[in-house]
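Breakdown of the fold
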Amino acid sequence: MTRISPIDPAKATGPAKALLNGVQSKLGMIPNMMSTMANSTAVLDAYLKFSSALAAGALSAKDREQIALAVGQANQCDYCLSAHTAIGKMVGLTTDQIHDARLAKSADAKSDAILKLAARLVEKRGLVSDDEVAEAKAAGLTDGEIAEVVANTALNLLTNYFNHVAETDIDFPVAEPIDAAASCGCQSDTCSAA
């Protein structure tokens with residue numbers, strides 16, 4: 001059951017109404033997470049600006065969705081896994097790519113490095129080693145792309161934690177559970193996916 005009530009867009013006023021109208025015009029819908037974030041226009045505005053800024057970065061929409069899936073799986077966020085499975089399909093990810101991203105792996109070496117770095121950031125609370133950064137660089141990630149992996153991971157931590165606290169009602173097709181412990185990319189006994 002939802003612990004933070006979403007704002008009804010039809011009853012929203014002032015800045016909340018303007019932000020929700022912007023979401024509606026851009027997406028054609030207002031996801032429950034965003035109408036719930038609208039309880040604090042500062043939170044919704046920050047989320048929208050952060051997301052928009054990262055969309056203009058070097059990482060592709062597919063990369064960003066794969067990071068969202070890896071982080072959502074690591075944090076067991078059913079809302080985000082459901083949302084990003086649907087959005088991942090919209091940006092061209094296959095069912096296998098979505099499944100693999102949730103396990104922080106990819107058949108593509110650069111995507112695999114992105115996902116492993118994101119999973120390690122979550123697992124180690126950002127305290128990755130010199131070797132792990134070198135591994136990402138060896139797979140072809142630039143310093144800017146590494147910075148964007150960190151930022152996209154942080155954006156998804158925000159949404160994961162927000163949805164955990166709010167217990168946001170899922171308004172996307174519910175993502176199927178998978179056995180993340182079987183093949184998580186972080187390779188740690190203390191992995192949150194295990």
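Here the focus is the overall build of the protein chain. Across its full length, the protein chain carries nine helices and zero strands. Computed over the C-alpha atoms, the radius of gyration of the protein chain is 17 Å, within 12% of the 16 Å expected from 2.2 N^0.38 for a compact globule of 194 residues. For the protein chain, the spread of C-alpha atoms along the three principal axes comes to 50 × 30 × 30 Å. Classification of the 194 residues of the protein chain by burial places 43% in the buried group. For the protein chain, the proportion of contacts with a sequence separation of at least 24, taken over those separated by at least 6, is 72%. Element-wise, carbon and sulfur atoms account for 55% of the exposed surface of the protein chain, whose accessible area totals about 9700 Å². Here the protein chain carries 16 positive and 23 negative side-chain charges, and the mean point of each set is 5 Å from the other.

The next thing to look at is unusual backbone geometry. At Ala104, a position not held by glycine, the phi torsion is positive, near 60°. The residue Ala104 is located in the loop between helix H6 (95-102) and helix H7 (109-123) in this model. You can call Ala104 buried: its relative accessible area is 2%. At Glu167, a position not held by glycine, the phi torsion is positive, near 50°. Within the secondary structure, Glu167 is located in the segment after helix H9 (143-166).

On to the layout of surface pockets. Its boundaries defined by the atoms lining it, the largest pocket holds a volume of some 790 Å³. Taken together, 30 residues make up the lining of the largest pocket; nearest its centre are Leu27, Tyr47, Ser51, Glu65 and Ile87. At the level of elements, helix H1 (14-27), helix H2 (32-37), helix H3 (41-55), helix H4 (61-74), helix H5 (78-90) and H9 are the ones that each hand at least two residues to the lining of the largest pocket. Broken down by class, the residue content of the lining of the largest pocket amounts to 20 nonpolar, seven polar and three charged.

What follows covers the packing of aromatic side chains. According to the stated counting rule, one finds one aromatic pair in the structure shown. Both rings, one in Tyr79 and one in Phe172, keep their centres 6.0 Å apart while their planes meet at 80°; by these two values the pair is edge-to-face. Here Phe172 lies in the segment after H9 and Tyr79 lies in helix H5, a separation of 93 residues in the sequence. Comparing Tyr79 with Phe172 shows no difference in burial state: the two are buried.

This next bit is on the confidence of the model for the protein chain. Predicted confidence across the protein chain gives a mean pLDDT of 93, with 92% of residues reaching 70 or more. The model gives residues 183-194 a pLDDT under 50, and that stretch makes 23 contacts with residues more than four places away or in other chains.

A separate point is the pattern of salt bridges. Following the criterion strictly, the structure yields eight salt bridges and no others. Taking the shortest distance from any N to any O, the salt bridge between Lys49 and Asp45 comes out at 3.0 Å. Taken together, the residues Lys49 and Asp45, both in helix H3 and four residues apart, mark about one turn of the helix. The residue Glu145 makes a salt bridge to Lys110 at a minimum N-O spacing of 2.9 Å. Residue Glu145 is found in helix H9, and its partner Lys110 is found in helix H7; the two are separated by 35 residues along the sequence. Among the residues examined, Glu145 registers a relative accessible area of 10% and is labelled buried.

This part covers the state of the cysteines. Structurally, a disulfide amounts to a covalent bond that connects the sulfur atoms of two cysteines. A complete count under the given rule lists zero disulfides for this structure. Cysteine Cys77 shares no disulfide, and the gap to the nearest cysteine sulfur, in Cys80, comes to 3.3 Å.

A few words now on the packing of H3 against H9. Orientation of H3 relative to H9, taken along the N-to-C sense of each, is 150°, at an axis distance of 11 Å. Taken as axis vectors, H3 and H9 run roughly antiparallel relative to one another. Crossing geometry of H3 relative to H9 is assigned as left-handed. Only Ala151, Asn152, Ala154, Leu155, Leu158 and Thr159 of H9 make contact with H3, whose side of the interface consists of Tyr47, Phe50, Ser51 and Leu54. When its residues are assigned to classes, the contact of H3 with H9 shows seven nonpolar, three polar and no charged.

What counts and what doesn't
- Residues numbered from 1 in each chain as written.
- Predicted model: local features only at pLDDT ≥ 70, side-chain atom pairs only at ≥ 80, totals over all residues.
- Heavy atoms only, no water.
- Helix = DSSP H or I, 4+ residues; strand = E, 2+ residues; numbered from the N terminus.
- Rg over C-alpha atoms; globule rule 2.2 N^0.38 Å.
- Buried < 20%, exposed > 50% of the residue type's maximum accessible area, 1.4 Å probe, protein only.
- Contact = heavy atoms within 4.5 Å.
- Areas by Shrake-Rupley, 256 points an atom, 1.4 Å probe, with all protein chains shown as cover.
- Lys, Arg positive; Asp, Glu negative; His and termini not counted.
- Charge placed at Lys NZ, Arg CZ, Asp CG, Glu CD.
- 1 Å grid on protein atoms, 1.4 Å probe; cavity = no way out; pocket = protein on both sides within 12 Å on 5 of 7 lines; lining within 4 Å.
- Points joined across faces, edges and corners; volume = space filled by probe spheres on them.
- Nonpolar A, V, L, I, M, F, W, Y, C, P; charged D, E, K, R; others polar.
- Phe/Tyr/Trp six-rings, centres within 6.5 Å; stacked < 30°, edge-to-face > 60°.
- pLDDT = per-residue confidence, 0-100.
- Salt bridge = Lys/Arg side-chain N within 4 Å of Asp/Glu carboxyl O.
- Disulfide = S-S within 2.5 Å.
- Axes fitted to C-alpha atoms, helices over the stretch in contact; angles between N-to-C directions.
- Parallel < 35°, antiparallel > 145°, perpendicular 65-115°, else oblique.
- Left-handed = near helix turned anticlockwise from the far one by under 90°.

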